[in-house]
Every structure is written in structure tokens, then in C-alpha cells.
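Okay, here's what each chain looks like letter by letter:
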Amino acid sequence: MLRFALLLGLLGLAAATAIIVGSGYHEVVAALAVAGWGILWSCLAHLFPMTFSVVGWRALMPGKKRPSLPFFLYLLWIRAAINNLMPVARIGGEIVAVRLMIKHRIRKFAAVSAIVAEITMSVIAVFLFDVIGIGMFAFHVGARDIVLQLALGLAISVPAIAALVFVQRLGFFGLASRLFTVLFRDKWKNFAGDSARLDRAVHALYRRRRKVLTCFFWQFASWCAGAIEIWLPLQFLHHPLPFAESFMLEALIQATASAAFAVPAALGVQEAGFLLFGHMLGLPADIAAALAVIRRCRDLLLYAPGLVAWQVQEGRWLLARRRT
């Protein structure tokens, strides 16, 4: 599985490189030179949606004395770094986040139930975000064939979302415990413990509807705030789009990236989305390609240090364990 993901990543990297070069390498470099330090500010703009997301995640934690917002921002930083830069099908970061929470003395069942509910709310929120963005795009552009394909993609995701909710109602960990035991053996039992108790913790959290709705609100706000990561760099590239069109483009990019979840970091797929949908919204090919490069710069500038921080943390724990 890992080899297959790495192969997809290499193919995606080759496709992304071909797309950038085909858009006019010198023109793309010139556009990035025009943006200058604006590239850094555009990357740092990602902190806004990240903060909204952690506010929603933190709201799911029990008790009045919850871990601090900076701590949850640190968790999301590590989690997103793993999901965006490693071939883990965008789920490895959640496992590491739970481990970090437990290591920082957050109760296992609270940590697992919160991250399960947060993932579910985020999936529903991004679906709603994509529906709104694609609907706006349909009215704005009117490209019937592409809109129908996008609508079909959204329709296909509905059963998957419904299954995600339904399986949790049945008891996800109880149903999956045998499979996880086969895959991970004693490691799964040592990590999860009582699967039935995990399911009860998830069900108990969903009964606290106010917490769940608060999480959903902030997750949806986080996805919407991502539109600033389209709008702002285009200001620095001297090809501004109205915020509504930036919202559409961000929704379309998120939809294509979600469809390509098996490809590490949606390499190639994301770049193709920027060029296709950017062109339909009036962006020249070199500007759309430069926008795609800035998105990759964001991943490297923000998330590569996250991987380093995670490895440093794991190294400290390993040394501490060897000393005892």
C-alpha cells in the first residue's frame, strides 16, 4: 500500500511539473517574482482557517478546563503536516494527533471521541462548502458539462458520508476491532483498549448537540476562510478576483483534492484544477500556475517544519523511555 501511494506521488509530481512547465515556465517565475514577499503573507494566511478549525475541535473536549488553543493549534499543525506531506491517505495525522493528546495527559476516550466527531463535522462542512461553491460556479460560468461532472462527484460522496455517520451509530470501533487486531495485532489493543467503551464515548459526545453544532459551525467557517488563500495571493500577483470567485475556486480545488485523496498531497490533480477552473474564471495560465505554486509553497513553509517538530518530539519520548 505504501509503495502504491509513493508511486502515485511520483506520478503526481511529474504531472504537476509538466503542468507548470507547460503553462510557461519563465512566465510563471516572472509572476512569482512580482508577488515577492506576498508569497510569504499568502502562506501565513492559512493560519486563519487553521485557527477556526481548532476552535471547533477544542469545543468538543469535555469539562470547562480544556487544553489551550495554542496546544490544539500545535496538534493541528502536526496532523496537517503528516496528512499533506506523507503518503498516509490523509488519516495518519489523526492517529498521531490522538497519540499526542494521550501523551499530554488527555484521556484516551475523550481524545478519540473528539477527533472522530471533529472529522465527521469537517467532512459534512466541506461537503456543504463544495455544494455552495459549485452552485455559485454553475450560475457564474454556466459550463454545463463540467458542472454536471462536479455534481455527479458530489452525489457519489453522499453515500460515503452517510455510511460514515451510520457506522458510527452502529459502533465503528466494535465493528472494526477484529480488522484492526489483524492489521496491528497487540498494538491496536494496547492503543484502543475497550472498543465498546470507545463507541460509548463517541455516542455520548454526539448527544451533546451544542458542542457538536459549535464544532460544525467553526469547521464550516474554516473552509470558507480558505477562500482568502485564493484572494490574497492574487492581489500580490496583480490579477485580483472578487472574493465570491475566490470562494468558488477554493471550493472547486477542495473538491478535486478530496476526490484524489489516494494521491499524496493531490500532486498533479490540484495543479490541473487550478489551471482548468482558473481559466474558466478568467485567470491566465501563468497566473493560475503561479497560484498553484504558492499553494505548494504554503505546504512546504508551514508543514515541513511540522514534520520536523513531530520527529523531534518522538525522539525525546524515545530517549526518555530508554533512560527509564
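Residues numbered from 1 in each chain as written. Predicted model: local features only at pLDDT ≥ 70, side-chain atom pairs only at ≥ 80, totals over all residues. Heavy atoms only, no water.

Peer 1: Would you mind going over the packing of aromatic side chains in detail, with residue names and values included?
Peer 2: If you walk through the whole model with that rule in mind, you get 8 aromatic pairs. Their ring planes at 45 degrees and their centres at 5.6 Å tell us that Phe 52 and Trp 218 sit as a pair that is tilted. Of this pair, Phe 52 sits in helix 4 (residues 47–58) while Trp 218 sits in helix 12 (residues 209–225); the two residues are 166 residues apart in sequence, bridging distant segments of the chain. Each ring, one from Phe 216 and one from Phe 220, has its centre 6.4 Å from the other, and the planes form 15 degrees; the classification is stacked. Note that Phe 216 and Phe 220 are positioned in helix 12 at a spacing of 4 residues, about one turn of the helix. Residue class for Phe 216 comes out partly exposed when judged on its relative accessible area of 21%. Through a chain of ring-to-ring contacts, three or more aromatic side chains come together here, namely Phe 52, Phe 217 and Trp 218. (Phe/Tyr/Trp six-rings, centres within 6.5 Å; stacked < 30°, edge-to-face > 60°. Helix = DSSP H or I, 4+ residues; strand = E, 2+ residues; numbered from the N terminus. Buried < 20%, exposed > 50% of the residue type's maximum accessible area, 1.4 Å probe, protein only.)

Peer 1: Please give an account of the pattern of salt bridges that cites residues and values.
Peer 2: Tallied over the entire structure, the rule returns 8 salt bridges. For Arg 99, the salt bridge is made with Glu 314, and the minimal N-O distance between the two is 2.8 Å. One end of the pair, Arg 99, is in helix 6 (residues 92–103); the other, Glu 314, is in helix 16 (residues 285–323), with 215 residues separating them in the sequence. Taking the shortest distance from any N to any O, the salt bridge between Glu 271 and Arg 296 comes out at 2.6 Å. With Glu 271 in helix 15 (residues 269–280) and Arg 296 in helix 16, this pair connects stretches of sequence that are 25 residues apart. Under the relative-accessibility criterion, Glu 271 is labelled buried at 3%. A network of salt bridges, in which partner residues are shared, links Glu 229, Glu 271, Arg 296, Arg 298 and Asp 299. (Salt bridge = Lys/Arg side-chain N within 4 Å of Asp/Glu carboxyl O.)

Peer 1: I'd like a description of helix 15, backed by residues and values.
Peer 2: Along its 12 residues, helix 15 runs 17 Å from first to last C-alpha, staying within 8% of the 16 Å computed at 1.5 Å per residue. Of the residues making up helix 15, those classed as buried are Gln 270, Glu 271, Gly 273, Phe 274, Phe 277 and Gly 278. Mapping the buried residues of helix 15 onto a view down its axis gives an arc of 155 degrees, with all of them on the same face. Gly 282, located one to two residues past helix 15, shows a positive phi value of around 95 degrees. (Expected span 1.5 Å × (residues − 1). Arc of directions from axis to C-beta.)

Peer 1: Which residues make up helix 11 (residues 195–207), and what are the values?
Peer 2: With 13 residues, helix 11 should cover 18 Å at 1.5 Å per step; its first-to-last C-alpha distance of 19 Å lies within 8% of that length. Restricting attention to buried positions, one finds in helix 11 the residues Ser 195, Leu 198, Asp 199, Ala 201, Val 202 and Leu 205. Projected onto a plane normal to the axis of helix 11, the buried residues spread over an arc of 155 degrees and lie on a single side.

Peer 1: Describe in detail the nonpolar core, supporting the description with residues and values.
Peer 2: Formed by 40 residues in total, the largest nonpolar core has its most connected members in Trp 57, Leu 60, Met 61, Phe 72, Leu 75 and Met 101. Of all the secondary-structure elements, those providing two or more residues to this core are helix 4, helix 5 (69–85), helix 6, helix 7 (108–141), helix 11, helix 12 and helix 16. Among the elements that take part in this core, helix 7 stands out by supplying 9 residues, more than any other. If near-sequence neighbours (up to four positions away) are discounted, Trp 57 is found in contact with Phe 72, Leu 75, Leu 76, Arg 79, Ala 97, Met 101, Ala 114, Ile 115, Glu 118, Cys 215 and Gln 219. Counting 32 residues, the second largest nonpolar core, distinct from the first, contains Ile 134, Ala 255, Ile 287 and Ile 294. (Core = buried A, V, L, I, M, F, W, Y, C linked by side-chain atoms within 4.5 Å. Contact = heavy atoms within 4.5 Å.)

Peer 1: Go over a positive patch on the surface with me, naming the residues and quoting the values.
Peer 2: On the surface, a cluster of positive charge is contributed by Arg 107, Arg 197, Arg 200, Arg 207 and Arg 208. Inspection of the secondary structure assignment puts Arg 197 in helix 11. For Arg 197, a relative accessible area of 45% corresponds to the partly exposed category. (Patch = residues over 30% accessible without salt bridge, like charges linked within 9 Å, V, L, I, M, F, W, Y side chains within 5 Å. Areas by Shrake-Rupley, 256 points an atom, 1.4 Å probe, with all protein chains shown as cover. Lys, Arg positive; Asp, Glu negative; His and termini not counted. Charge placed at Lys NZ, Arg CZ, Asp CG, Glu CD.)

Peer 1: Let's hear about empty space enclosed by the protein: which residues, and what values?
Peer 2: Taken as a whole and judged by the stated rule, the model has 1 cavity of 30 Å³ or more. Looking at the largest cavity, its volume works out to about 50 Å³. What lines the largest cavity is simply Ser 42, Cys 43, Glu 229, Pro 233, Leu 291, Ile 294, Arg 295 and Arg 298. Elements supplying a minimum of two residues to the lining of the largest cavity: helix 3 (38–44), helix 13 (228–236) and helix 16. When residues of the lining of the largest cavity are assigned to their parent elements, the largest contribution, 4 residues, is made by helix 16. Grouping the amino acids of the lining of the largest cavity by side-chain chemistry returns 4 nonpolar, 1 polar and 3 charged. (1 Å grid on protein atoms, 1.4 Å probe; cavity = no way out; pocket = protein on both sides within 12 Å on 5 of 7 lines; lining within 4 Å. Points joined across faces, edges and corners; volume = space filled by probe spheres on them. Nonpolar A, V, L, I, M, F, W, Y, C, P; charged D, E, K, R; others polar.)

Peer 1: Account for unusual backbone geometry, naming residues and giving values.
Peer 2: Positive phi outside glycine occurs at Arg 105, with the angle close to 65 degrees. On the secondary structure map, Arg 105 appears in the loop between helix 6 and helix 7.

Peer 1: Outline the packing of helix 5 against helix 6, listing residues and values.
Peer 2: Following both chains from N to C, one finds helix 5 and helix 6 inclined at 150 degrees, their axes separated by 7 Å at the closest point. By the angle between their axes, helix 5 is roughly antiparallel relative to helix 6. Crossing geometry of helix 5 relative to helix 6 is assigned as right-handed. Where helix 5 abuts helix 6, its residues Phe 72, Tyr 74, Leu 75, Ile 78, Arg 79, Ile 82 and Asn 83 lie against Gly 92, Gly 93, Glu 94, Val 96, Ala 97, Leu 100 and Met 101. The class makeup of the residues in the contact of helix 5 with helix 6 is 9 nonpolar, 3 polar and 2 charged. (Axes fitted to C-alpha atoms, helices over the stretch in contact; angles between N-to-C directions. Parallel < 35°, antiparallel > 145°, perpendicular 65-115°, else oblique. Left-handed = near helix turned anticlockwise from the far one by under 90°.)

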